[in-house]
Protein chains: 2
Amino acid sequence: MLDLRQFAVLDAIARTGSLAAAARDLHYGQPTISHHLRALEQHLGTELVTRSATGAALTPAGELFLDHARAATTRLAVAEREVAELRDFGGTVLRIGTFESAGARLLPQVLAELGAGHTVQVELVEGEPLGLLEQLLDGSLHCALLYDLDGDTSVTDAALRQRTLEREPFRIMLGAEHPLAGNEVIDLADLADADWIRSRSVLEASERALLAAAGAAGFVPNTLLHSEDYSLVHAFVAANVGVALIVESAVDTRYRVVARPTVQDLGVRRVRFVATATPSPGQAGVLAHLEDLLIGAAGVE
Amino acid sequence: MLDLRQFAVLDAIARTGSLAAAARDLHYGQPTISHHLRALEQHLGTELVTRSATGAALTPAGELFLDHARAATTRLAVAEREVAELRDFGGTVLRIGTFESAGARLLPQVLAELGAGHTVQVELVEGEPLGLLEQLLDGSLHCALLYDLDGDTSVTDAALRQRTLEREPFRIMLGAEHPLAGNEVIDLADLADADWIRSRSVLEASERALLAAAGAAGFVPNTLLHSEDYSLVHAFVAANVGVALIVESAVDTRYRVVARPTVQDLGVRRVRFVATATPSPGQAGVLAHLEDLLIGAAGVE
DNA sequence: GCTCATTACGGTACCCGTAAGAATG
DNA sequence: CATTCTTACGGGTACCGTAATGAGC
């Protein structure tokens, strides 16, 4: 009989690199790890881990099995969570991840429409794309709105179903008084000496787009400050202290700023709806409905 | 600690409708069932089964948990199977389900192309759509080619990823000597008294299409014989003993038969590629490649 | 000699069956 | 009273830790 403890043991071995370290990690004795691993190998009839004096490593069979076992384990974790929600709240909770601007622009109307037909409790979780992605994979979120650079292949996990909602090219945001603000199209090279307001994370789509475009134009952008706060960014740009990379829909027209394309390719920000491929039966319908509403709201091509 | 036996117990209760029957089904004593169920309920902190003197029924929480538990269990069954294959065969086996005509028309060239780039062992399984679907859901198949009536929603399980490859309208196949064979378009009403060669299974797409169209035209088709054997069907139709419903690509031109559309709508047979949404990491790439090749081979719109 | 893994041994806990009790129809 | 589920009790298994042995850097 297969045992969930055996999965935890194999997982710990894979993570830590040795049986002894796995034992410490799980607060077990070393022999217990050896015992469970042996039992699992005996059940499957093949070696899962190659032992040595320096540590242990998984065989291909071990990797294969662990991958399935992890999937089963996360599924069970989701089961426990959802049962607890049903017990404590009395209904199904749909957890939707989102990034800041989409949460404000797309979701309010869509959730209002969604609420009409269904009786699920919606819980919104805000976060950056990579964090949301991780939560999707471990079952903390049922679906999410996230963005990335068009052409990114980071979201390719088979356990996730995805759909592109919007594609929006990046722009350069300048103060209205900026010397280049009059130009309809800007040459990035003219901004080689400009001070940039940039994201704090190098993993941000806008950061990667800026570095790629600036690199192609032959310069490394000077940094004025790092910030994720849109009102701050707008204020600095309006004051003509710095420039920034942004998408059109994120421009706040109350500030004295303009957004301009460049002769160079700045890349495209893609907004996607990503959902678990294996939802609960009660949520499958709501998820499909939500996806339809979002597609309608985004006016996808 | 969650236990796989508990899942088997809950599953048996759901299937049989009582703890006692579940005990018989699992070859356990009745108290053992009670014990495991109690342990699971205690772990989850909620009632999963309502007991009575007449039997037992699952609560909503029980249904919810069972659904997840079944998914996890099938995933583990797939894991065991694949590890055994890796052990006995030495590599990954990709099991593809298919129905007869697609197996002959689409797959040979596609599999030849597929073999070039990958090193997986391909295993073909032939069967009718519903059987293939069932095998997909329990993990016996990794993907399948199957057909159904356009508009069917039977294949909507979230655990399956699907893609339509072809749409082909149904035709009436007549002997070349048939009085109506000269008409470009046939009125079904003229065939109200004809003898039909039909499928053995009422679940077949062609059967459902025929019954719907005949019903709309105001008659119930007479049956000459039931058969799935295409050469037999062709021979009888060529001999002008009966007529049959068929799609264009399945017509064997070596027989003296013609295929004609009708003024009534006969429906459309849809060929689909369906794959598990959660493949092994080693198979995800091959599956995607296979899907691309099939789309190319089918010349999908 | 340190860390690594395996083997041996004993205590405890849990699993499972038998037997008896309570409730429903 | 037949069937259902629950509780109680006892035997056996298997889990887990401590201790001791062997292997490699």
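Residues numbered from 1 in each chain as written. Chains lettered and ligands numbered in written order. Predicted model: local features only at pLDDT ≥ 70, side-chain atom pairs only at ≥ 80, totals over all residues. Heavy atoms only, no water.

Per an unreviewed UniProt entry, chain A goes by LysR family transcriptional regulator and derives from Gulosibacter faecalis. Reading the Sequence similarities (unreviewed entry) entry of the UniProt record for chain A gives the comment "Belongs to the LysR transcriptional regulatory family." (UniProt positions renumbered as here; feature names shortened; annotations may be inferred.)

Residues and elements named next belong to chain A. A complete count under the given rule lists four aromatic pairs over all chains for this structure. Here the aromatic rings of F7 and F65 are separated by 5.6 Å at their centres, their planes lie at 65 degrees, and the arrangement is edge-to-face. Of this pair, F7 sits in helix α1 (residues 4–16) while F65 sits in helix α4 (residues 60–89), and the two are 58 residues apart along the sequence. With respect to class, F7 is no different from F65; both count as buried. The cationic tip of R269 hangs over the ring face of Y147; the distance from NZ or CZ to the ring centre is 4.9 Å. (Phe/Tyr/Trp six-rings, centres within 6.5 Å; stacked < 30°, edge-to-face > 60°. Helix = DSSP H or I, 4+ residues; strand = E, 2+ residues; numbered from the N terminus. Buried < 20%, exposed > 50% of the residue type's maximum accessible area, 1.4 Å probe, protein only. Lys NZ or Arg CZ within 6 Å of the ring centre and 35° of its normal.)

Opposite the 35 residues of chain B that make contact, chain A presents 35 residues. With both sides pooled, the region where chain B packs onto chain A buries about 3100 Å², and carbon together with sulfur makes up 75% of that total. Scanning the region where chain B abuts chain A turns up zero salt bridges. Taken together, the links from chain B to chain A amount to twelve residue pairs in polar contact (both at pLDDT 80 or more). In terms of residue count, helix α4 (residues 60–89) of chain B provides more of the side of chain B that touches chain A than any other element does, 18 residues in total. Taken together, the residues of the side of chain B that touches chain A sort by class into 22 nonpolar, six polar and seven charged. (Contact = heavy atoms within 4.5 Å. Buried area = accessible area lost by both parts, 1.4 Å probe. Salt bridge = Lys/Arg side-chain N within 4 Å of Asp/Glu carboxyl O. Polar contact = N/O pair within 3.5 Å; in protein donor to acceptor, adjacent residues only side chain to side chain. Nonpolar A, V, L, I, M, F, W, Y, C, P; charged D, E, K, R; others polar.)

Residues and elements named next belong to chain B. Following the criterion strictly, the structure yields 36 salt bridges over all chains and no others. The residue E177 makes a salt bridge to R256 at a minimum N-O spacing of 2.1 Å. Of this pair, E177 sits in the loop between β6 (160–175) and β7 (195–198) while R256 sits in the loop between β9 (243–247) and β10 (257–260), and the two are 79 residues apart along the sequence. Classification of E177 as partly exposed rests on a relative accessible area of 49%.

Before going further, it helps to examine the protein's contact with DNA strand C. Around DNA strand C, 23 residues are found, and the nearest of them are A20, S34 and R51 of chain A together with G29 and H36 of chain B. A breakdown of the atoms of DNA strand C within 4 Å of the protein gives sugar and phosphate a share of 80%. A53 of chain A is positioned such that a nitrogen or oxygen atom in its backbone is 3.1 Å from a sugar or linking oxygen of DNA strand C. Looking at the surface near DNA strand C, the elements with two or more residues in it are α2 (19–26), α3 (30–44), β1 (49–52) and β2 (55–58) of chain A together with α3 (30–44) of chain B. (Near = heavy atom within 4 Å.)

Here we take up the relation of the copies chain B and chain A. When chain B is fitted to chain A, the residual RMSD is 0.1 Å, and the transformation amounts to a turn of 180 degrees plus an axial shift of 0.0 Å. On the angle and the small slide along the axis, the relation comes out as a two-fold axis. Rotation axis and chain B: the residue whose C-alpha lies nearest the axis is A72 of chain B, separated from it by 2.3 Å. With an isologous cut-off of 70% or more, the 100% of interface residues of chain B that recur at the interface of chain A puts this contact in the isologous class. (Least-squares fit on C-alpha atoms with pLDDT ≥ 70 in both.)

The local shell around DNA strand D holds 22 residues, among which H35 and H36 of chain A together with A20, S34 and R51 of chain B are the closest. Protein-adjacent atoms of DNA strand D, using a 4 Å cutoff, are sugar or phosphate at a proportion of 83%. H35 of chain A is positioned such that a nitrogen or oxygen atom in its side chain is 2.6 Å from a phosphate oxygen of DNA strand D. Between DNA strand D and R38 of chain B, the relevant distance is 3.0 Å, taken from a phosphate oxygen to a side-chain nitrogen or oxygen of the residue. Looking at the surface near DNA strand D, the elements with two or more residues in it are α3 of chain A together with α2 (19–26), α3, β1 (49–52) and β2 (55–58) of chain B.

A separate point is unusual backbone geometry. We note that H27 of chain A has phi near 60 degrees; this positive angle belongs to a residue other than glycine. The residue H27 of chain A is located in the loop between α2 and α3 in this model. Classification of H27 of chain A by relative accessible area gives exposed; the value is 72%. The backbone of N240 of chain B shows a phi angle near 65 degrees, a positive value even though the residue is not glycine. Structurally, the position occupied by N240 of chain B is in the loop between α9 (230–238) and β9.

In this section: the confidence of the model for chain A. Model confidence for chain A is summarised by a mean pLDDT of 91, while 98% of its residues fall at 70 or above. No element of chain A has a lower mean pLDDT than helix α5 (residues 100–105) of chain A, at 78, and none a higher one than α1 of chain A, at 97. (pLDDT = per-residue confidence, 0-100.)

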